[in-house]
Amino acid sequence: MSTVAICTDSSALFPAGVAEQLGVTVVPISITLDGGPYEERDDAIDDFYARLTAGAQVTTSQPSPGEFLEAYARAAAGGASEVLSIHLDARVSGTLGSAELAAREAPIPVTVVDTRTVSFGVGVCVRAAAEAIAAGASAGDAAAAVGRVGATLMTIFVAPAGRGGRLPETTGWSLLEFADGKVVPSAACDDLAEAIEAMAARVLEEGGSVRAAVGHAAASTEPAADALALSLASMSHVVEVERYRVGPAVGAHTGAFSFGTFWWPSS
């Protein structure tokens, strides 16, 4: 059994049970809703988006160095000889910085890795690291695997006007992409059907075989995400389409009515 433990943050959007199956420790990003702390739970996602839609004010903050240090200490107590701590892009969050501060005081060596991506993409990188370590890779080799996967991840998502959240407001059904550490406009669509078609077309631009994942925030966006997933699954170069839910740590920024897709080379 590997003695390399893996730690990440809740922006990785792991569903209940998946982190435990992989042996990954998830340190939660702090969420404040209408001035009070909000516990991020899978069974409370719909409540979170209902309150956000109703006008609740939400903020997030990165985990403290102390929270990461506690996670690293638990890993050491559990028999780990080192930790691989994998997090969202440092250009958009201070989470990586907190992990680096904690790593200096940790009782065992900690390698902190910047995925250079966000949201579900972080989870894809963590899974790559877990698979590498399970196959006998060192922490350094697993960190290199994260870098390779992170560099290939692409994402496009819908951020409707008046959606709530913390990204800049847009008009109509605007498509956004995450590139080079920032969210950039991709296209403006007149309606939802056009937005779904445009996102599918963006994935179609890729030349080789890819895997894709489609996620949605509020339950009301699930039918649109279903339509996007079906469209992607019909493409010959898309070898797999998985689904995920956008949790509060990410939905606080993208808004209740966001949905979209990540894709990356199948190899």
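Bear in mind that the values here come from a model prediction, so they are computed numbers and not experimental data. (Residues numbered from 1 in each chain as written. Predicted model: local features only at pLDDT ≥ 70, side-chain atom pairs only at ≥ 80, totals over all residues. Heavy atoms only, no water.)

Engineer: It is not clear to me how helix H6 (residues 139-152) should be interpreted in this structure. Could you clarify?
Structural biologist: Along an α-helix, residues three or four apart share an orientation, since each turn contains 3.6 residues. For H6, spanning 14 residues, the distance from its first C-alpha to its last is 20 Å, which sits close to the expected 20 Å at 1.5 Å a residue. Listed in full, the buried residues belonging to H6 are Ala-139, Ala-142, Ala-143, Ala-145, Val-146, Val-149 and Gly-150. The buried residues of H6 occupy an angular sector of 155° when the element is viewed end-on, so they sit on one face. In H6, the exposed residues that point more than 90 degrees away from the buried face are Arg-148 and Ala-151. (Helix = DSSP H or I, 4+ residues; strand = E, 2+ residues; numbered from the N terminus. Expected span 1.5 Å × (residues − 1). Buried < 20%, exposed > 50% of the residue type's maximum accessible area, 1.4 Å probe, protein only. Arc of directions from axis to C-beta.)

Engineer: What should I look at first to understand the sheet that holds strand S3 (residues 30-33) in this one?
Structural biologist: Note: strands within a sheet are paired through backbone hydrogen bonds, in either parallel or antiparallel orientation. Pairing is antiparallel in the open sheet, where 3 strands are placed in the order S4-S3-S5. Every other strand in the sheet has two partners, leaving strand S4 (36-37) and strand S5 (58-61) as the edge strands with one partner each. Looking at chain direction, S3 and S5 are connected through 4 bridges and run antiparallel. Its bridge partner being in S5, Ser-30 is matched across the sheet by Ser-61. (Pairing = 2+ DSSP bridges.)

Engineer: Would you explain the packing of helix H5 (residues 120-134) against H6 in this entry?
Structural biologist: Any two packed helices are characterised by how steeply their axes cross, that is the angle between the axes, and by the distance between the axes. Where H5 meets H6, the axes come as close as 8 Å, and the angle between the chain directions of the two elements is 145°. In this structure, the crossing between H5 and H6 has a hand that is right-handed. Facing H5, whose interface residues are Val-124, Cys-125, Ala-128, Ala-129, Ala-132 and Ile-133, H6 presents Ala-142, Val-146, Val-149 and Gly-150. In terms of residue class, the contact of H5 with H6 is built from 9 nonpolar, 1 polar and no charged. (Axes fitted to C-alpha atoms, helices over the stretch in contact; angles between N-to-C directions. Left-handed = near helix turned anticlockwise from the far one by under 90°. Contact = heavy atoms within 4.5 Å. Nonpolar A, V, L, I, M, F, W, Y, C, P; charged D, E, K, R; others polar.)

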